[in-house]
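Working through the structure, step by step
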Amino acid sequence: MPFREINSKMVEAAVVPGQRMFSQRGAMLAYRGDVTFTPNMAGGQGGVMSMIGRRVAGEATPLMTVEGNGTVMFGHGGHHIQVIQLTGDTLYVEADRLLAFDGTLEQGTMFMGSQGGVMGMVRGQVTGQGLFTTTLKGHGAVAVMAHGGVIELPITPGRAVHVDPQAYVAHHGDVRNKLSTALGWRDMVGRGSGEAFQLELSGSGAVYVQASEEKL
């Protein structure tokens, strides 16, 4: 069920019988029709492992299952909302940036160190972002949140994109990530993100970057 952008901070989605969607708790602004909102402790279609991943990442709030027949308006904290359409590929996004997504999408988690090795683990320790990233796979729509607007940067073979780790919102496609630093190990301890840290994304796909480094 596609999202309709009302403005940069609000989206609307149609909820129809026999289909469901998931949203972050507190994301519902208003709704019309016969719609129910139920806490989902199983973590969507990712099941128990998805829930474990979110718990380890520090996300204690369960998703809400949205069902019924009507329309729902979503927004959260006045954050900018970006709608991403998936056509069979996988979206990687920080769990706390998810606003709402189609229930047809398969949810899971990825340990960032699995792609970035030791440097992927450093990303979680130094920048304060979780070592686990939520994955959404399939055909459907996802609404994500960011600060100050979002730009989509294409990632093409041979042309890697470097992003400040705290400006990173999400990425999709056949992409590998690696955190690099221009500082030595001693200088790196206790420092946050910025030019000293760069998240390198290479392969084929796209990355979404927010205009502000502020965390949600």
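Note that this is a predicted model, so its numbers are computed, not measured. (Residues numbered from 1 in each chain as written. Predicted model: local features only at pLDDT ≥ 70, side-chain atom pairs only at ≥ 80, totals over all residues. Heavy atoms only, no water.)

1. Concerning the overall build of the protein chain
Scanning the protein chain from N- to C-terminus turns up three helices and 13 strands. Counting only residues that meet the buried cut, the protein chain has 49% of its 216 residues in that class. Residue pairs in contact within the protein chain that sit at least 24 positions apart in sequence constitute 80% of those at least 6 positions apart. For the protein chain, the accessible surface area stands at approximately 9800 Å², while carbon and sulfur atoms represent 53% of it. (Helix = DSSP H or I, 4+ residues; strand = E, 2+ residues; numbered from the N terminus. Buried < 20%, exposed > 50% of the residue type's maximum accessible area, 1.4 Å probe, protein only. Contact = heavy atoms within 4.5 Å. Areas by Shrake-Rupley, 256 points an atom, 1.4 Å probe, with all protein chains shown as cover.)

2. A word on the pairing of strand β2 (residues 10-15)
Two elements, strand β1 (residues 3-7) and β2, share four bridges in a ladder whose sense is antiparallel. By the bridge assignment, Glu-5 is partnered in β2 with Val-11. Linkage of β1 to β2, two consecutive antiparallel strands, is achieved through a turn of two residues. Sheet topology places β2 next to strand β5 (residues 63-74); five bridges connect them, and they run antiparallel. (Pairing = 2+ DSSP bridges.)

3. Thoughts on the environment of Thr-135
Within the fold, Thr-135 resides in strand β9 (residues 132-146). You can call Thr-135 buried: its relative accessible area is 14%. Spatially, the C-alpha atoms of Thr-135 and Thr-90 are 6.4 Å apart, while their sequence positions differ by 45 residues. The residues contacting Thr-135, other than those within four sequence positions of it, are Thr-90, Leu-91, Tyr-92, Glu-106, Gln-107, Gly-108, Thr-109 and Met-110.

4. With respect to the pattern of salt bridges
Throughout the structure, instances matching the rule amount to two salt bridges. Between Glu-12 and Arg-4 there is a salt bridge, with its nearest N and O atoms 3.1 Å apart. Residue Glu-12 is classed as buried on the basis of its relative accessible area of 11%. As a salt-bridge pair, Arg-32 and Glu-12 come within 2.8 Å of each other at their nearest N and O atoms. Placement of the pair is Arg-32 in strand β4 (residues 28-40) and Glu-12 in strand β2, with a sequence separation of 20 residues. Three or more residues are tied together by salt bridges with common partners; here these are Arg-4, Glu-12 and Arg-32. (Salt bridge = Lys/Arg side-chain N within 4 Å of Asp/Glu carboxyl O.)

5. Description of the packing of aromatic side chains
Under the counting rule described, the total for this entry stands at two aromatic pairs. Summarising the aromatic geometry, the rings of Phe-22 and Phe-101 are spaced 5.5 Å apart at their centres and angled 35° between planes, so their arrangement reads as tilted. You can see Phe-22 sitting in strand β3 (residues 20-23) and its partner Phe-101 sitting in strand β7 (residues 98-102), a full 79 residues away along the chain. Phe-101 shares its class with Phe-22; the two are buried. (Phe/Tyr/Trp six-rings, centres within 6.5 Å; stacked < 30°, edge-to-face > 60°.)

6. A closer look at the confidence of the model for the protein chain
A residue-level look at the protein chain finds 70% of positions with pLDDT of 70 or above and a mean pLDDT of 79. In the model, residues 44-60 has pLDDT below 50 throughout and makes 35 contacts with residues more than four positions away in sequence or in other chains. Throughout residues 113-130 the model reports pLDDT below 50, and contacts reaching past four residues in sequence, or to other chains, amount to 48 contacts. (pLDDT = per-residue confidence, 0-100.)

7. Structural notes on the environment of Ala-211
Looking at the secondary structure, you find Ala-211 in the segment after β13 (197-210). On the accessibility criterion, Ala-211 (62% relative accessible area) is exposed. Ignoring sequence-local partners within four residues, the contact set of Ala-211 consists of His-147, Gly-148 and Gly-149.

8. A look at the side chain of His-172
Looking at where His-172 falls in the secondary structure, it is placed in strand β12 (residues 168-181). Judged by relative accessible area, which is 15%, His-172 ranks as buried. Discounting residues that sit within four places of it in the chain, His-172 has contacts with Asp-89, Thr-90, Leu-91, Glu-152, Ser-204, Gly-205, Ala-206 and Tyr-208.

9. Some details on the environment of Thr-36
Its place among the elements puts Thr-36 in strand β4. Here Thr-36 falls in the partly exposed class, since its relative accessible area comes to 38%. Remark: the alpha-carbon pair of Thr-36 and Glu-67, spanning 31 residues in sequence, is separated by 5.4 Å.

10. Describing the side chain of Glu-12
Side-chain polar atoms of Glu-12 contact the side chain of Arg-32, separated by 2.8 Å. Those residues in contact with Glu-12 that sit more than four places away from it in its chain are Pro-2, Phe-3, Arg-4, Ile-6, Arg-32, Thr-71, Val-72 and Met-73. (Polar contact = N/O pair within 3.5 Å; in protein donor to acceptor, adjacent residues only side chain to side chain.)

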